[in-house]
Amino acid sequence: MKYLKKIITKIFKIILLILIVGTAILNTVYSLEKTWDSTYILKIGQLMFYTEKTSVMEPNIKKQDLILIKKQEDYKVNDIIVFTQNGEIKVRRITGNNGNNIEDSYTAKGDKNFYNEPYEIHKTQIKGKVMKVYKNFAFLLRFAQSKVLLIINTILLSIIAYYRIKIKIRVNKKRKK
């Protein structure tokens, strides 16, 4: 009877470990699934980070630059904004305000371009205003979007889960003595 109880306890612990590790892996995959999307904006609280994919904002913002974005109530001419247009995320400078009392809309252009974009940008499309540009730091966001980080995160969560179960087992053994 005692031997059977030990076997059942050991099987239960193994199943529990598998469930915890499996949950950690699924949680990691779920939380990072959008990171493989090229239009991904990393959000941390009210702050957002993005890397420009084109050279249209050069020389002010280059492809290697990490952009800090923050949502604003109002946007002004010469503000650099990040917005979505046809499923793509774009970075442009506001050149004009076409707003009325119902909804604000803006015209914008890239710093490298001579002409405004051929479309209006509605306030609902705007993700935020560029608050700071970190020169040559895009690799940080690319690392956050990489599968390497997913693997590291999964391994670390698995190690934490394993040692947490191991500690609980030791505590239970000491209580039985």
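Residues numbered from 1 in each chain as written. Predicted model: local features only at pLDDT ≥ 70, side-chain atom pairs only at ≥ 80, totals over all residues. Heavy atoms only, no water.

(A) View of the pairing of strand 3 (residues 66-70). Taken across its five residues, strand 3 has four buried, putting it largely inside the fold. With five bridges joining them, strand 2 (residues 47-51) and strand 3 adopt antiparallel strand pairing. The partner of M48 across the bridge, within strand 3, is I69. (Buried < 20%, exposed > 50% of the residue type's maximum accessible area, 1.4 Å probe, protein only. Helix = DSSP H or I, 4+ residues; strand = E, 2+ residues; numbered from the N terminus. Pairing = 2+ DSSP bridges.)

(B) Highlighting the pattern of salt bridges. This structure, assessed with the given rule, holds six salt bridges. For the salt bridge of D74 with K123, the shortest nitrogen-to-oxygen distance reads 3.5 Å. Taken together, the residues D74 in the loop between strand 3 and strand 4 (80-85) and K123 in the loop between strand 7 (121-122) and strand 8 (126-134) connect sequence positions 49 residues apart. Residue classification places D74 among the exposed positions, given a relative accessible area of 53%. Judged by its relative accessible area of 23%, K123 falls in the partly exposed class. (Salt bridge = Lys/Arg side-chain N within 4 Å of Asp/Glu carboxyl O.)

This is a description of form; function is not addressed.
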